[in-house]
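Secondary and tertiary structure notes
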Amino acid sequence: MKKHLKLMGQILLVVFALYGMFAFASQVISPSSSALADSSTSEVVAQEAVPTPRAPEDLKNGFFVNLTTDDIDRAAMAVGLATKVRKNTGKPVTIFMNTQGVRLVDINIPQNVHKSGSTIHQMLQMFMDEGGVALVCPVCMKNVGGLSEDEILPGVIIGTPEYTWAAMFAEDATVISY
């Protein structure tokens, strides 16, 4: 059993290393920068400020939710639990949407109302209003969801390794997956 756990840990490490390389490469290759030049007037238009990753000591004993589905019931459970943990404990809570989960933050997809009376967008906004951090995988966002940065729900952060790994591998963090 220990051998299997060790092997799974090594595989997970390789997967995240590859994810980091792809995320880094997609940002380096991307034409975006801290300012965009307007070719017709040579004016510089400032972009929104990029959020700063949280310090490791601020993530200690945190709660990390890996959300890989766009199923409304599973997503509602994940976001609802994350919101309750954040609200009731004050712990740092991060939701990381990847694979099919990236569709949850697509502003172009019409939102169904969950049995609870809210859409997933509304639930995510409540989570972020409580101080939770919502991340979206940059590789999945582009390759699975076909999304650009301006097509994701406002407040959701592009989950570069600095954000994702810091929260997932924080000291004494609890990680769950939906």
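It should be noted that the structure appears before, not after, this text.
Calculation notes
- Residues numbered from 1 in each chain as written.
- Predicted model: local features only at pLDDT ≥ 70, side-chain atom pairs only at ≥ 80, totals over all residues.
- Heavy atoms only, no water.
- Helix = DSSP H or I, 4+ residues; strand = E, 2+ residues; numbered from the N terminus.
- Buried < 20%, exposed > 50% of the residue type's maximum accessible area, 1.4 Å probe, protein only.
- Contact = heavy atoms within 4.5 Å.
- Areas by Shrake-Rupley, 256 points an atom, 1.4 Å probe, with all protein chains shown as cover.
- Core = buried A, V, L, I, M, F, W, Y, C linked by side-chain atoms within 4.5 Å.
- Axes fitted to C-alpha atoms, helices over the stretch in contact; angles between N-to-C directions.
- Parallel < 35°, antiparallel > 145°, perpendicular 65-115°, else oblique.
- Left-handed = near helix turned anticlockwise from the far one by under 90°.

Re the overall build of the protein chain
Within the protein chain one finds six helices and seven strands. Reading the protein chain from its N terminus to its C terminus gives the helix and strand order α-β-β-α-β-α-β-α-β-α-β-α-β. With 178 residues in all, the protein chain has 37% of them scored as buried. Counting contacts in the protein chain only where the partners sit at least 6 residues apart, residues at least 24 apart contribute 72% of the total. Accessible area of the protein chain: about 10,700 Å², with a carbon and sulfur share of 59%.

Section: the nonpolar core
What tends to happen in soluble globular proteins is that the nonpolar side chains get buried as a cluster. Grouped together as the largest cluster of nonpolar side chains are 41 residues, with contacts concentrated most on Ile95, Met97 and Val156. Those residues in contact with Met97, other than ones at most four positions away along the chain, are Leu67, Val102, Leu104, Val105, Leu124, Ala134, Leu135, Val136, Cys137 and Val156.

Some details on the packing of helix H3 (residues 72–89) against helix H4 (residues 120–129)
Following both chains from N to C, one finds H3 and H4 inclined at 15 degrees, their axes separated by 9 Å at the closest point. Regarding the angle of H3 to H4, the classification is roughly parallel. For the pair H3 and H4, the sense of crossing is left-handed. In contact with Ile72, Ala75, Ala76, Val79, Ala82 and Thr83 of H3, H4 contributes Ile120, Met123, Leu124 and Phe127.

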